Amino acid sequence: NQGKRKGLQELIRVAGLPAGHIKAEQVAFGIVPHLNAGGRMLSAETGVTLLTAKDEKTAAEAAQLLSENNQERRRIQETAFEEAVRIVEESHLDEPVLIIDAPDTHEGIAGIVAGKIKEKYHKPSLILTGTGDDYWKGTGRSIEGFDLYEMLSVARDLFEKFGGHAGACGFLMKKENLPALRTELRSFAQGILQREPEAFLPKFYIDEVLDSSELTLDTLRMFELFEPFGQKNRKPLLCLRQLVLHKPVFMGEKQQHVRFLASSIPCILFGKAAEYQELFLEGTSVDLLGYAEINRWNGSEKIQFVVLDMRCYNE
């Protein structure tokens, strides 16, 4: 925010971020993906060049290249995600652990795709990419309360090497071992489900149920005193009840996002418009779960509620 690094100034400009008002969220979802995109698509050297640039020309060139890499990363990532969804829907929808053999997936975005699949189906998800020989390279992401490293340890004899932690993993294995891996991990997951039938259901920990009149700019400024939000310090999760839905506007190439008013509160739902399609009728009474933020633009401040889940209100 002090603007001391020319490279970051340029990256903030190219990425369309609010200069001087960068928070942890913009770092995590704006700046860092651009820096990582170089390493995912070409070379991490571009990020180093950006961060060490002393003159505006070098900084601008590096920022532009990172922006182009990030756009390409997003394009390839979306294609790979769609292919992974197709494979799941056709072959693995009933499996407790999703093991997706996708040999054409770009290795640099396999972890991102695994995370998106995990979020869509709320199951531990592994993406297998080809190595050009008789091996699979695997990348996994897991849901809360399901230790991915512990699960892989059960099948350790099937791997050439593996590592990770509760939430993420990586491994290398012979292709001939894939059927055995599916059997081992299915058995492990089913054992968990027998002990905890709700283990794979999404869990939300609501901090407060608010009346719409309590959701004010002053309240949100108070929330901001608890920043930076992130791992181990999540944003306050709020429930707003009995709001009336108005003026839904669908956005995105596939109409996957939607903006709407809930009573008088501006709301946005990312990526799940189709999932909640039946609720987006003018005048529907809804309960909303999500977090609130201040949307700052051109000197103005407005409330925005980012919806994570929603349902019809029932008295």
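Below is a summary of the structure that appears in this document. (Residues numbered from 1 in each chain as written. Predicted model: local features only at pLDDT ≥ 70, side-chain atom pairs only at ≥ 80, totals over all residues. Heavy atoms only, no water.)

**Thoughts on the packing of aromatic side chains**
Working definition: an aromatic ring pair is given by the centre-to-centre distance plus the angle between the planes. All told, the structure shown has 7 aromatic pairs when counted by the stated rule. For the ring pair F250 and F280, a centre distance of 5.7 Å and an interplane angle of 80 degrees mean the geometry is edge-to-face. Placement of F250 in strand β7 (residues 238–251) and of F280 in the loop between β9 (265–269) and β10 (285–297) is noted, with a sequence separation of 30 residues between them. Residue classification places F250 among the partly exposed residues on the basis of a relative accessible area of 25%. Here K116 stacks its cationic end above the ring of F81, 4.6 Å away from the centre of that ring. The ring of Y121 has K120 lying over it, and the distance from NZ or CZ to the ring centre is 5.6 Å. (Phe/Tyr/Trp six-rings, centres within 6.5 Å; stacked < 30°, edge-to-face > 60°. Helix = DSSP H or I, 4+ residues; strand = E, 2+ residues; numbered from the N terminus. Buried < 20%, exposed > 50% of the residue type's maximum accessible area, 1.4 Å probe, protein only. Lys NZ or Arg CZ within 6 Å of the ring centre and 35° of its normal.)

**A closer look at the packing of helix α2 (residues 24–41) against helix α4 (residues 56–92)**
The relative placement of two packed helices comes down to the angle between their axes together with the axis-to-axis distance. Packing of α2 against α4 brings their axes to within 8 Å, and their N-to-C directions diverge by 75 degrees. In terms of axis orientation, α2 runs roughly perpendicular to α4. Note on element contacts: α4 touches α2 through L66, S67, N69, N70, E72, R73 and I76, opposite P33, H34, L35, A37, G38, R40 and M41. The residue inventory of the contact of α2 with α4, partitioned by class, reads 6 nonpolar, 5 polar and 3 charged. (Axes fitted to C-alpha atoms, helices over the stretch in contact; angles between N-to-C directions. Parallel < 35°, antiparallel > 145°, perpendicular 65-115°, else oblique. Contact = heavy atoms within 4.5 Å. Nonpolar A, V, L, I, M, F, W, Y, C, P; charged D, E, K, R; others polar.)

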